[in-house]
Amino acid sequence: MATVPARSFAQSFAPTGAAARYATYGAMVLFGSFLIAAAGKVTVPFWPVPATLQTLAIFVIAAAFGRKLALATLAAYLVEGAAGLPVFTNGGGLAYFAGPTTGYLAGFVIAAGLTGWAADRGLDRNAFKLFAVNLAGTAIILLLGAAWIALAFGTEKALAWGVGPFIATDVIKAALAAAVVPAGWQIANLFRR
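Residues numbered from 1 in each chain as written. Predicted model: local features only at pLDDT ≥ 70, side-chain atom pairs only at ≥ 80, totals over all residues. Heavy atoms only, no water.

### Some words on the overall build of the chain
Here is step 1: For the chain, the helix and strand inventory stands at 8 helices and 2 strands.
Here is step 2: Its helices and strands in sequence order give the chain the pattern α-α-β-β-α-α-α-α-α-α, from N to C terminus.
Here is step 3: Radius of gyration (C-alpha) of the chain: 17 Å, near the 16 Å computed for a compact globule of 193 residues.
Here is step 4: Along the longest, intermediate and shortest principal axes, the C-alpha atoms of the chain span 55 × 35 × 35 Å.
Here is step 5: For the chain, the residues scored as buried account for 45% of the 193 residues in total.
Here is step 6: Within the chain, residue pairs in contact and separated by at least 24 positions form 69% of the contacts whose partners lie at least 6 positions apart.
Here is step 7: When the accessible surface of the chain is totalled, it reaches about 9600 Å², and 74% of it is carbon and sulfur.
Here is step 8: Placing the 12 positive and 5 negative side-chain charges of the chain at their respective mean positions leaves the two points 11 Å apart. (Helix = DSSP H or I, 4+ residues; strand = E, 2+ residues; numbered from the N terminus. Rg over C-alpha atoms; globule rule 2.2 N^0.38 Å. Buried < 20%, exposed > 50% of the residue type's maximum accessible area, 1.4 Å probe, protein only. Contact = heavy atoms within 4.5 Å. Areas by Shrake-Rupley, 256 points an atom, 1.4 Å probe, with all protein chains shown as cover. Lys, Arg positive; Asp, Glu negative; His and termini not counted. Charge placed at Lys NZ, Arg CZ, Asp CG, Glu CD.)

This is how it looks when you write it as structure tokens:
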């Protein structure tokens, strides 16, 4: 017997009418892409890739929105950046995709899909399970980021520049993100009683 997937936080509280629901989803996607862009402007200047709060924002968005909305949000963010809007940490435009952060951008999409998938299955209600999923997403982001750094600067720089500076902060961001949505569920359940 197949089980029906759980609904994400956003899906659970979206309006029931189709037009209102899709308008709400559209607004959420735009807000989410803005939040990712804003988080990218909070930086610790490492070279060639700065540390930002983007992974925190992406994991929270993915856990709250579910897979489809999380992927739509990341797609909107990347399209906005490709169109030249300054949503990326250091600007925007198509040329940005040839820079040192391209691997991380690809990792963002995959990690958002993974965390959103977990949220669609109810793992967003448990901070420990969500943390494990976020850690897997973090590993994907770092691996793709390091792989791109290796292509751009050589394999000897991949770990030193692409992974090392980010491990501790990314684990902390994954943990913080894993606490936010389960707390939101607990607060929402208090108001349902």
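### What to know about a nonpolar patch on the surface
Here is step 1: A cluster of nonpolar side chains, contributed by Phe31, Phe34 and Leu35, occupies part of the molecular surface with about 320 Å² of accessible area.
Here is step 2: Tracing the sequence through the fold places Phe34 in helix H2 (residues 18-40).
Here is step 3: Accessibility expressed as a relative area gives 55% for Phe34, which makes it exposed. (Patch = residues over 30% accessible without salt bridge, like charges linked within 9 Å, V, L, I, M, F, W, Y side chains within 5 Å. Salt bridge = Lys/Arg side-chain N within 4 Å of Asp/Glu carboxyl O.)

### Some remarks on the packing of helix H4 (residues 67-82) against helix H5 (residues 102-120)
Here is step 1: It is the contact of H4 with H5, at a shortest axis distance of 7 Å, that shows an interaxial angle of 160°. Overall, the two elements H4 and H5 adopt an arrangement that is roughly antiparallel. Crossing angle aside, the handedness with which H4 passes H5 is right-handed. For the pair H4 and H5, the contacting residues are Arg67, Ala70, Leu71, Leu74, Tyr77 and Leu78 in the first and Leu105, Phe108, Val109, Ala112, Gly113, Gly116, Trp117 and Asp120 in the second.
Here is step 2: Classifying every residue of the contact of H4 with H5 by side-chain character gives 10 nonpolar, 2 polar and 2 charged. (Axes fitted to C-alpha atoms, helices over the stretch in contact; angles between N-to-C directions. Parallel < 35°, antiparallel > 145°, perpendicular 65-115°, else oblique. Left-handed = near helix turned anticlockwise from the far one by under 90°. Nonpolar A, V, L, I, M, F, W, Y, C, P; charged D, E, K, R; others polar.)

### Some details on the packing of aromatic side chains
Here is step 1: Tallied over the entire structure, the rule returns 5 aromatic pairs.
Here is step 2: The interplanar angle of 85° and the centroid separation of 5.1 Å between the aromatic rings of Phe9 and Trp185 together place this pair among those described as edge-to-face. Placement of Phe9 in helix H1 (residues 9-13) and of Trp185 in helix H8 (residues 167-192) is noted, with a sequence separation of 176 residues between them.
Here is step 3: Accessibility expressed as a relative area gives 24% for Phe9, which makes it partly exposed.
Here is step 4: A relative accessible area of 4% means that Trp185 is categorised as buried.
Here is step 5: Their ring planes at 85° and their centres at 5.3 Å tell us that Tyr77 and Phe88 sit as a pair that is edge-to-face. Here Phe88 lies in the loop between H4 and H5 and Tyr77 lies in helix H4, a separation of 11 residues in the sequence. Each member of the pair Tyr77 and Phe88 is classed as buried. (Phe/Tyr/Trp six-rings, centres within 6.5 Å; stacked < 30°, edge-to-face > 60°.)

### As for H4
Here is step 1: Between its first and last C-alpha atoms H4 spans 22 Å; for 16 residues at 1.5 Å apiece the expected length is 22 Å, and the two agree.
Here is step 2: Those residues of H4 lying buried are Leu69, Ala70, Thr73, Leu74, Ala76, Tyr77, Leu78, Glu80 and Gly81.
Here is step 3: Taken from the residues just after H4, Gly84 is the one with a positive phi, measuring 100°. (Expected span 1.5 Å × (residues − 1).)

### Description of the pattern of salt bridges
Here is step 1: Inspection of every chain in the model, using the stated rule, returns 2 salt bridges.
Here is step 2: Linking Asp124 and Arg125 is a salt bridge whose minimum nitrogen-to-oxygen distance equals 2.9 Å.
Here is step 3: The exposure class of Arg125 is partly exposed, given its relative accessible area of 36%.
Here is step 4: Asp170 is the salt-bridge partner of Lys173, the closest N and O atoms lying 3.0 Å from each other.

### Section: the confidence of the model for the chain
Here is step 1: In this model, the chain carries a mean pLDDT of 88, and residues with pLDDT of at least 70 account for 92%.
Here is step 2: Highest mean pLDDT in the chain belongs to H4 (97); lowest belongs to strand S1 (residues 43-44) (74). (pLDDT = per-residue confidence, 0-100.)

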